[in-house]
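Next come the chains, spelled out residue by residue.
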Amino acid sequence: MNMMSEAAVEKALDKNMSDAPLKMIGKDVSVYYGEKRALFDVNLNVRKNTVTALIGPSGCGKSTFLRTLNRMNDTIDGCRITGKITLDNADIYDPSVDVVELRARVGMVFQKPNPFPKSIYENIAYGPRIHGLAKTKADMDRIVESSLQRAGLWNEAKDRLQEPGTGLSGGQQQRLCIARAVAVSPEVILMDEPCSALDPIATAKVEELIHELRTNFTIVIVTHSMQQAARVSQRTAMFHLGNLVEENDTDKMFTNPDDQRTQDYIMGRFG
Amino acid sequence: MSGYLIAFLALAALSMAYLGNSRAKATHNGAAGKIHSRPIYHGLNVAIWTAVPAFVLLLVWLVFQSSIVNHLVLSGIPGSENLDASASSILMSEVRQVASGNLFKEPSPEVKAAADHFKSLQGIAAYLMAAAVAVAAAIGAFFGLKVIGSRYRARHSVELSVTLFMMFSSLLAILITLGIVFSLVFEAFHFFTKVPFTEFLFGLRWEPQIAMRADQVAGQGAFGVIPVLYGTFLISAIAMIVAVPTGILSAIFLTEYSHPRFRAVVKPLLEILAGVPTVVYGFFAVLTVAPAIRDLGIALGFEASPNSALAAGAVMGVMIIPFISSLSDDAFAAVPRAMREGSYALGATKGETIRKVLLPAALPGIVGGVLLALSRAVGETMIVVMAAGLIAKLTVNPLDAVTTVTVQIVTLLIGDAEFDNPKTLAAFALGLVLFIVTLILNLIALHTVRKYREKY
Amino acid sequence: MSVTASSDLNVGVPAINWQSDDMKSRRKRRYAADRRLQAYGLVAIIFALGFLAILISSLVYTGNSAFTQSVATIEIDLSTADIDRTKLADADWRGVVRGALRAQLPGLSRSDERKYFEMFTSSGQFIVRDAVVADPSRLDGKSTFVIPLADPFDQLAKGQVNRDTPESQRRVTDQQIGMFDQLVGKGIISRPFNWALFFNADSRFPELAGLAGAISGSFWSLLVCFVISFPVGIAAAIYLEEFAPKNKLTDLIEVNINNLAAVPSVVFGLLGLAVFLGWFGMPRSAPIVGGLVLSLMTLPTLIIVTRVSLKSVPSSIREAALGVGASKHEAIFHHILPLAMPTIMTGAIISLARALGESAPLLLIGMNAFITSPPDGVFEASTALPTQIFMWADSPERGFVARTSAAILVLLGFLVLMNGIAIFLRQRFERRW
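Residues numbered from 1 in each chain as written. Chains lettered and ligands numbered in written order. Predicted model: local features only at pLDDT ≥ 70, side-chain atom pairs only at ≥ 80, totals over all residues. Heavy atoms only, no water.

Further remarks concern the environment of Leu273 of chain B. If you trace the backbone, Leu273 of chain B turns up in helix α8 (residues 260-275). Spatially, the C-alpha atoms of Leu273 of chain B and Ser157 of chain B are 49 Å apart, while their sequence positions differ by 116 residues. Ignoring anything within four residues of it in the chain, the contact list for Leu273 of chain B reads Tyr281, Val318, Met319 and Pro322 of chain B together with Ala48, Phe51 and Leu52 of chain C. (Helix = DSSP H or I, 4+ residues; strand = E, 2+ residues; numbered from the N terminus. Contact = heavy atoms within 4.5 Å.)

Below, the structure written as structure tokens:
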């Protein structure tokens, strides 16, 4: 594949954003933490090979929604979910669903880089190893290399694969975490404010990376920064006080939003 | 006598405080201008001046009185200047026995005279002490009362005394350590003048059964520490084999798997194991565990000693479980939540997250805890004194009896303690070894745990 | 990083079939491993708690019988006895007791009689003597006395002797069992609560041995320990927490305290032996020395606990006190210390409970002496509860096995009580900031 066709694909994707097939569907999703209700009947769809940005003021439920998509909320005591979320039309909260498989298919990158206290190599090999994705050492080497390549970290890390992952800089650590998520070949990658702990240069690199990853992965990103949402995403969803206010193409959202609250938020009137 | 003196000082301090307080009030009422300290501080100041120097004098006196009296009595006995230290201490204890009226046989006239001398000196010393303490208290009270005045900074003076007391108290920690080191080194040095250092350190035989008295029949005595140390480490190793997996696994279950309510009940129950006195474990080991192991051994066709290393070690291991469990618990709790989530988000099961992420991350904390537990096992005394053997043996069979450093210390010192034969002194040499080994373990452990805390 | 650099990689994303049989069975194995780890954890906990349960139940099982004591209640008419009222202590009490016992089973031969007298404690004469000395009006007529049975017959009465075992293998003869049954038939054998366990001091005879000496020895030792370690510990903690400059010396003190808290207790015993007994010439086996050694042992823990509780008082309180013109000392002693006190007290009680259970250092300073009367003060020789347990555990008489367990239950009772008080204090008074 050459650069031309790459760009063409991208363009085509950009154009038909509203027509891309649905990867995940959230229907009437509500989340309760004990007695407190954190999400109110959210209906939000995630489209294939698209970057969907979730924006809104802090505490609006955007991270909570993100964590329902790979059932990370299961690990929190007292958290309860109603409604329905499907991945490729299969309910992910169905009792027959295996969370381990679900999380392998829907990977996640966190706000703060959280590499394991292991070597760079082992950090990336961890996922493929537990899922049994590599039959041989050579397979594993290949997975590690391609994941680092995809995360744009290969050139920086290839000579220090056996050094601890915690020794990298913050931006490198975050790209290591992305590489770690990519290594399991997920279909969807969830990113929870992945750049909030990074400096502008590292942020730019991660954003560029997100842009590239879109070709192969479906991405949902929570972000605090409007500019970032505008830069990286094709679809944007605006949350406020646990409600989904508006979901739209990013271009439209930032130029001509349907909802007054979106307008206010984008103009910086609250948040 | 000293009890009455302390009561007297307390009373004197109290009345002087009252006197100082009221005198300060009187002065302040008449004083023009600003007064520095409230009357109560003047009262406290007088009380401190009255009681503290006198009390210190009393303590010093009590510490030195017996050795000075002994010296005076001994120098009064003809021919005593030719005796060595141990002979004179035996003579002195005889004199003391006679003086207190415990006659086993008719004492020699010299001893009898010395006993009378001893009694009269003790009487004189008691009167002198009372007089000295009273004079010191009076002088202190006089000065304390004299300085009362509206400009006198009584509060500063009181606070200075309090600060000095607090400084002394914190220095006491160092004094205790120095006391331990000096007493052990001093007696151990004595021991090494009788038994060569190299023989102690590298000897393979430990048979301290040498004659206590000339008419006793006993072996030559051998003081090689290796088999004793070996026994200590064999029993500690058994204890750790029991305690480390049990402690870590129970911590894993309680922190990661169990319901909070289960944890709230079970954790204090586990802590009870650490609160049970060790003498209870020792009795239990002898009464229940050792016979059970012996029966089991016989049933399986092994010869098991009634005080096998396995029984003592296993019981000691159970005692240490809560120790390792709670330190591992802390170590797991210190691993950031993000680490767990990172693993779950990759589709790892709970077990995989624990084994491959949490355990490596918490390892330094756990290792620190295990080292502290090992130090505790090495220094544990009562269980082994009651349940382990007395004969030092180099054996790898856990069903055999071995002895430990602490067992030897206790058996060498129990009952008799004259500081002149190698048997008694050997206990201090062993104590020194024990102190050094546990010190090293503690320092490494504390360092590891602290480094680990800094990391997260 | 450029698009081209990674373009060929982006194409070949391997599609993973998560629903393949291979993957399914692999996941099954992974979940099984997870459940196994959970099971191991549960087994570990069950092992530890099971051990605790066996420990406690075996102590209760062996110890409960020592809380009762078989006694013979015998009526003696002292008015007819030949007793000089002015010299009660010197009368022939042995003859009196034997006469009274003889009256219960008359007509025994001399050798049978010796066997018969073996059934009762050999100190019966002293029990009768002390009862009469305490209440001379008993001399005026008939009064009843309670004579404990000797240990083997106490066990017989408690059903701990199997009558079917051959005579040569038990400590009571068939003849004695016959006499015992006769006495039971006469209704003079009873089994009341064993108050002697709490009010008697130690004895060579299990039926008379009690814990009074050990309990008061422990009390005096703990008193000394508390009087020394409590003020000194608090003073040291305040200095280190509030006044001490950060320098090499305070670092050293810090490391020192942490290390001292982990020094084996037997080493403190060696220190006490060498310094307090050897150099200062203090009395052997005395609670004052025991208390001193225990206070050195508890001091580091107490300092650590106190520092933690001082640290937990918010600095706003200190600033408020300083702000109204209090001196630093006043701020600490009037405000911070009182607020930290409940936590400090809790820590102190728990440390004292630990000291109560400590035996190794007390053995080295001779608090395992055989002493038949409780100490009257801190300078008199005595034992302590744990050392008494150690001594009884070593005694060959069978009756001491039950008594050792009973003594342990008493010790555990004290520990539960102290910890209970500490927990109560914590829940009642501790503040959360």
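There's more to say after this.
This part takes up the domain arrangement of chain C. Residue and element names in this part refer to chain C. Structurally, chain C comprises domain 1 (67-194) and domain 2 (212-429). In this structure, domain 1 and domain 2 have C-alpha centres spaced 45 Å apart. Taken together, the contacts link 6 residues of domain 1 with 7 residues of domain 2. Contact between domain 1 and domain 2 buries roughly 490 Å² in total, counting both sides, with carbon and sulfur atoms accounting for 45%. Of all residues in domain 1, Phe67, Asp151 and Gln155 give up the largest surface area on contact with domain 2, accounting jointly for 61% of the area buried on that side. Run the count over domain 1 and domain 2 and you get 2 residue pairs in polar contact (both at pLDDT 80 or more). (Domains from an automatic or database assignment. Buried area = accessible area lost by both parts, 1.4 Å probe. Polar contact = N/O pair within 3.5 Å; in protein donor to acceptor, adjacent residues only side chain to side chain.)

Domain annotation of chain B identifies domain 1 (2-152) and domain 2 (226-455). A straight line from the C-alpha centre of domain 1 of chain B to that of domain 2 of chain B covers 47 Å.

Glancing now at the pattern of salt bridges. Going through the model one piece at a time under the given rule, you end up with 38 salt bridges over all chains. Salt-bridge contacts for Lys252 of chain A lead to Asp258 of chain A; the nearest nitrogen and oxygen are separated by 2.9 Å. Here Lys252 of chain A falls in the partly exposed class, since its relative accessible area comes to 30%. Within the structure, one salt-bridge network assembled from shared partners comprises Lys23, Asp88, Asp98, Glu101, Arg105 and Glu187 of chain A together with Arg27 of chain C. (Salt bridge = Lys/Arg side-chain N within 4 Å of Asp/Glu carboxyl O. Buried < 20%, exposed > 50% of the residue type's maximum accessible area, 1.4 Å probe, protein only.)

Attention shifts here to the side chain of Arg403 of chain C. Residues and elements named next belong to chain C. Within the fold, Arg403 resides in helix α17 (residues 399-429). From its side chain, Arg403 meets the backbone oxygen of Ala209 in a polar contact 3.0 Å long. Leave out the neighbours within four places in its chain, and Arg403 touches Ala66, Gln69, Asn194, Leu197, Pro206, Glu207, Ala209 and Trp392.

Our next topic: a nonpolar patch on the surface. Together, Phe165, Phe168, Leu175, Leu178, Phe182 and Phe186 of chain B together with Trp279 of chain C line one region of the surface with nonpolar side chains, adding up to about 710 Å² of accessible area. For the nonpolar patch, the element with the most residues is helix α5 (residues 154-194) of chain B, which contributes 6 residues. Looking at the element boundaries, Phe168 of chain B is found in helix α5. (Patch = residues over 30% accessible without salt bridge, like charges linked within 9 Å, V, L, I, M, F, W, Y side chains within 5 Å. Areas by Shrake-Rupley, 256 points an atom, 1.4 Å probe, with all protein chains shown as cover.)

So, about the packing of helix α4 (residues 120-131) of chain A against helix α7 (residues 170-182) of chain A. Packed helices, taken two at a time, are described by the angle between their axes plus the distance between the axes. All names here are of chain A. Close contact between α4 and α7 brings their axes to 7 Å; oriented N to C, the two are set at 30 degrees. The crossing of α4 and α7 is right-handed. Two secondary-structure elements touch here, α4 through Ile120, Asn123 and Ile124 and α7 through Leu176, Ala179 and Arg180. (Axes fitted to C-alpha atoms, helices over the stretch in contact; angles between N-to-C directions. Left-handed = near helix turned anticlockwise from the far one by under 90°.)

On to α7 of chain A. Residue and element names in this part refer to chain A. Taking 1.5 Å of rise per residue, 13 residues should cover 18 Å, and α7 covers 18 Å from first to last C-alpha, within 8% of that figure. Counting buried residues along α7, 12 of its 13 residues qualify, which places the element largely inside the surrounding structure. Within α7 the residues assigned to the buried category are Gly171, Gln172, Gln173, Gln174, Arg175, Leu176, Cys177, Ile178, Ala179, Arg180, Ala181 and Val182. (Expected span 1.5 Å × (residues − 1).)

Attention shifts here to the sheet that holds strand β1 (residues 71-77) of chain C. Strand order in the open sheet made by the 3 strands is β2-β1-β3 (chain C), with antiparallel pairing throughout. Each of the sheet's edge strands pairs with one partner strand only, and the pair in question is β2 (142-148) and β3 (189-190) of chain C. (Pairing = 2+ DSSP bridges.)

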